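Descriptive analysis of the structure
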Amino acid sequence: MDQETYVPRQIEDVEIQEWLESLDSVLLSSGAEVAREIMERLRAHATISGIDLPFSANTPYANTIPARLEPLFPGDQQLERRIKSLIRWNALAMVVRANRLEHNIGGHISTYASAATLYEVGFNHFFRARSSSFEGDTVYFQGHAAPGIYARAFLEGRLSVEQLVNFRRELKPGGGLSSYPHPWLMPDLWEYPTVSMGLSPLMAIYQARFNRYLENRGLKPVTDAKVWAFLGDGETDEPESLGAITLASREKLDNLIFVVNCNLQRLDGPVRGNGQIIQELESAFRGAGWNVIKILWGSEWDPIIERDTEGLLVKRMGEMVDGEYQKLVVSSGAYIRQFFFGSDPRLLKLVDPLPDEALRRLRLGGHDPRKVYAAYKAAFEHKGRPTVILARTIKGYGLGEAGEGKNVTHQQKKLNEDELREFRSRFGIPLSDEDVNSLPFYRPAEDSEEMRYLKARREALGGYMPQRKVRSAPIVADHDELFREFFEGSEGREVSTTMAFVGMLRKMLKDPEIGKLVVPIVPDEARTFGMESLFRTVGIYSSVGQRYEPVDVNTLLYYKEAKNGQILEEGITEAGSVASFIAAGSAYATHGINTIPFFIYYSMFGFQRIADFIWAAADMRTRGFLLGGTAGRTTLAGEGLQHQDGNSHVLALSVPNLRAYDPAYAYEIAVILQDGIRRMYKEGENIFYYITVMNEPYAMPAMPAGAKEGILKGMYKLRPAAERKAKLRAQLFGSGAILNEVLRAQEILDQKFGVAADVWSVTSYKNLYTDGIEVERWNRLHPDETPRVPYVTQCLEGEQGVLVAASDYLKVLPSMISKWTPRRLATLGTDGFGRSETRESLRDFFEVDSRFIVIATLHELAQDGLVGEATVQNAIKDLHINPDKPNPVSS
Ligand SMILES: Cc1ncc(C[n+]2csc(CCOP(=O)(O)OP(=O)(O)O)c2C)c(N)n1
Ligand SMILES: [Mg+2]
């Protein structure tokens, strides 16, 4: 055929009609399975015949579940609508009242307005509460929908009018309600913090996976409990939101349901004005192997769709971009007729019988309880894959002129009297014109139909939610025996603190009480930390066991995957690993199981990379141990700028309930771990730990008598000066691997310069700082009482000499305590970019080795007039220090 002159033939309508009719008849006579088979064979045939079919993971812009396959709605739709309307009103009243009292206090109306049906169908028919007999479903509520969740809890009698009035006024007498879900602030209500967008979808995936882990390891019974995560369509732009969706399908997490509230808008405007966010998400999730259910159109559309035998309507629906759809929301029925249906006379004919007003009232799927129920039921029953429900809604639904579908709606917090009246009338709230403007919260009488229905539904589903309860019993043993060997030192054998920690982990895994509770978590770094021996002993968790013979099966430490494997080997995802840490560290509440997570990772990729997850972990009262491995700017040789961590302990300062330690010796780690387990799992304290461990091998000394308290508080005297009567005195502080440099400096000072220095191990600058500011505050507020003394000051009382601290972290870390030291504190630290080099060169470059500690000490003595400047000058020469070397801070 001559390509140049080939003109494609127009497809005749009748031709299409024939194809469609024959498919319909197969469907009718033989069912969906056969119809699918034919379609698949046709597609294969087309490919073989050379027809280039474009790949598409999309289905048409239509509801996934056709009307004829919809289950019966089991509830009383009228009553449920009335209850939902009251919740809508109270949520709106709460936000508008708060902003009348306090301009700019904030709050959101439009998110919940769009999501109300999505939540109410869940509350009335699906979300099962936790009880003594059933673990309950886990629900991540969209953070900005919090007003609606509060409004429901108010109807349920769980929150008072006063609390509602004090929305976003948490410090008011009697207490208020926090802006968003924060378990730290409302520990009896909220379970999961969700408002930092993108975190909750990823946390939900790992939570669902962790639930399976607990089941496969026999720590909890197998149940059909679900994890529901509600998210915004704009929120899916956060990389974390979709970042782990393949894990969910790979793991066949049919206990996981995402509901994406597709109101097509985010804060500033449309999510995809020029495209279709729903289709985009569908292809991403389908491509990742999820079951995708779209609920786009409400029941009013069904008869119109039914009349459309040619598929023209669905085609038209698929052509519109989201910006156009948004315009339709704010437009009149006449406009909808002209613009949407008017594109084809045959479409116009479909809606001929409907008046304009009816066109305006064609609901979207996410606002139709029948459609939402059908989707939830299908998701609940779906086997073998996670489900995502893409529900089309209108942002600010019901706000009318005040914001429905408008770009400004996200920020709308004030309604005028007319707008309030309109909202009241639209949702049938029994308030008079006079009453409306004072925004009363409305709660029907206890014995009203609405209240009885609402309570009965929740009773049938096991109780109210969200509700957070600590369900675990404290652990019993004190583990003295377990940790004893580590208090005794390594008898000259050189080990790193990482190796020492792994030794402790190995012992904990064997402990009769806590052994099974330990959850080691690694993002593809087990070999880096010398943990590979654990692969074999406790196994790597895999929901399918091991379907292959590992390549190293003949070796002692082979890569053993097992269904009851204990290690969570997450692969290269610190975000995923910390999500597992959060799931395991909060199981004491979620499941009543004291799992103890140990998440060990490259310390630079912790706070620096996933700090917001750590913040969420803190908010959630997560318990457990974060271990920053191969830590220290100069202790990790060779790796250079990206890997060498001098930051994490500074970043750890910001997390209030985190205990951060930079220990140098095995016994220090042992003391911290033992005490941590006691505090978190025995005493139930809502704290968690960050401990840095290093890879520099050295002999581990035995614990000096009486050191425990100081180790935990943050500092203790490790090695006093040999010559206590010397005239020149110093107090030297060291931590982590730099402590050994300090000890060497102590010797040089003694032998070469006649300076007697005491050496302190500072295990936690954060603790010292926190103690200092607490004491300061107490003294400020109690001027009439005997002043308290910070721990640092107590330690140094009567100790003589100049003060010098050296750390492998930024100088600001040791500098923080200087206001509570009796004299000036000179600080050495590792500000600047790392380099690939040896430890020795790095410590020279960053000026934290023993020589620089000596120089700093002599300089301090010179400042006090106790030695001459020449002594310092000569020492610089003697110790081969180049005074004109590059400045690490700026080079
Ligand atoms: C990580 C993060 N970035 C930014 C915000 C601020 N923010 C709050 S709501 C919002 C828009 C939300 O849009 P969408 O996810 O579509 O939710 P909707 O309210 O439309 O349901 C933004 C940007 C946030 N909470 N978290
Ligand atoms: Mg949105």
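Residues numbered from 1 in each chain as written. Chains lettered and ligands numbered in written order. Predicted model: local features only at pLDDT ≥ 70, side-chain atom pairs only at ≥ 80, totals over all residues. Heavy atoms only, no water.

Thoughts on the overall build of the chain
Within the chain, the secondary structure is distributed over 36 helices and 20 strands. Its C-alpha atoms give the chain principal-axis dimensions of roughly 105 × 75 × 55 Å. Taking the contacts inside the chain whose residues are at least 6 apart along the sequence as the reference set, 77% of them involve residues at least 24 apart. Element-wise, carbon and sulfur atoms account for 52% of the exposed surface of the chain, whose accessible area totals about 37,200 Å². (Helix = DSSP H or I, 4+ residues; strand = E, 2+ residues; numbered from the N terminus. Contact = heavy atoms within 4.5 Å. Areas by Shrake-Rupley, 256 points an atom, 1.4 Å probe, with all protein chains shown as cover.)

Concerning the site of ligand 1
Neighbouring residues of ligand 1: 18 residues in total, closest Thr 111, Gln 142, Asp 233, Gly 234 and Lys 395. A distance of 3.0 Å separates a nitrogen atom of ligand 1 from a polar atom in the backbone of Val 195. Contact with the protein chains removes 76% of the 590 Å² of surface that ligand 1 exposes when unbound. Residue classes in the shell around ligand 1 are distributed as three nonpolar, 10 polar and five charged. (Near = heavy atom within 4 Å. Polar contact = N/O pair within 3.5 Å; in protein donor to acceptor, adjacent residues only side chain to side chain. Nonpolar A, V, L, I, M, F, W, Y, C, P; charged D, E, K, R; others polar.)

As for the coordination of the magnesium ion (ligand 2)
Every protein donor of the magnesium ion (ligand 2) is accounted for by Asp 233 (OD), Asn 263 (OD1) and Gln 265 (O), and the metal-donor separations fall at 2.0 to 2.1 Å. Mapping the donors of the magnesium ion (ligand 2) onto the primary sequence yields the spacing D-x29-N-x1-Q. Taken as a pair, Asp 233 in the loop between β2 (227-232) and α8 (239-243) and Asn 263 in the loop between β3 (256-262) and α10 (277-287) lie far apart in primary sequence, 30 residues in all. By relative accessible area, Asp 233 is classed as buried at 1%. (Donors = N, O, S within 2.8 Å, 3.2 Å for Na, K, Ca; no water. Buried < 20%, exposed > 50% of the residue type's maximum accessible area, 1.4 Å probe, protein only.)

Here's the deal with the environment of Ala 856
Positionally, Ala 856 belongs in helix α35 (residues 850-863). Classification of Ala 856 by relative accessible area gives buried; the value is 12%. Ala 856 sits 51 residues away from Ala 805 along the chain, and the two C-alpha atoms are 9.2 Å apart.

Some points on the layout of surface pockets
A water-sized probe, rolled over the atoms, reveals where empty space remains. A volume near 1,000 Å³ is recorded for the second largest pocket. In terms of lining residues, the second largest pocket is bounded by 35 residues, among which Arg 360, Arg 361, Tyr 397, Glu 404 and Arg 426 are the most central. Where the lining of the second largest pocket is concerned, the elements lending two or more residues are α3 (77-101), α13 (322-329), α16 (356-360) and α18 (417-426). The leading source of residues in the lining of the second largest pocket is α3, at five residues. Tallied by class, residues from the lining of the second largest pocket come to 15 nonpolar, seven polar and 13 charged. (1 Å grid on protein atoms, 1.4 Å probe; cavity = no way out; pocket = protein on both sides within 12 Å on 5 of 7 lines; lining within 4 Å. Points joined across faces, edges and corners; volume = space filled by probe spheres on them.)

Considering helix α12 (residues 312-319)
Burial in α12 covers these residues: Leu 312, Leu 313, Arg 316 and Met 317. Angular distribution of buried residues about the axis of α12 spans 140°; they occupy a single face of the element. Structurally, α12 contributes buried residues whose contacts are with α11 (302-307), α13, α14 (333-339) and α15 (345-350). (Arc of directions from axis to C-beta.)

Here's the deal with helix α31 (residues 765-781)
Every α-helix carries 3.6 residues per turn, so stepping three or four residues along brings you back to the same face. An ideal rise of 1.5 Å per residue puts 24 Å on 17 residues; α31 measures up with 24 Å between its terminal C-alpha atoms. Along α31, the residues classified as buried are Tyr 765, Lys 766, Asn 767, Leu 768, Gly 772, Val 775 and Trp 778. (Expected span 1.5 Å × (residues − 1).)

Observations regarding the sheet that holds strand β20 (residues 825-828)
The five strands are arranged β16-β18-β17-β19-β20 in an open sheet whose pairing can be described as mixed. Taken across any chain shown, the strands that pair with only one partner, and hence form the sheet edges, are β16 (715-719) and β20. Taking the axes of each pair of neighbouring strands and ignoring which way they run, one obtains an average angle of 25° across the sheet. (Pairing = 2+ DSSP bridges. Axes fitted to C-alpha atoms, helices over the stretch in contact; angles between N-to-C directions.)

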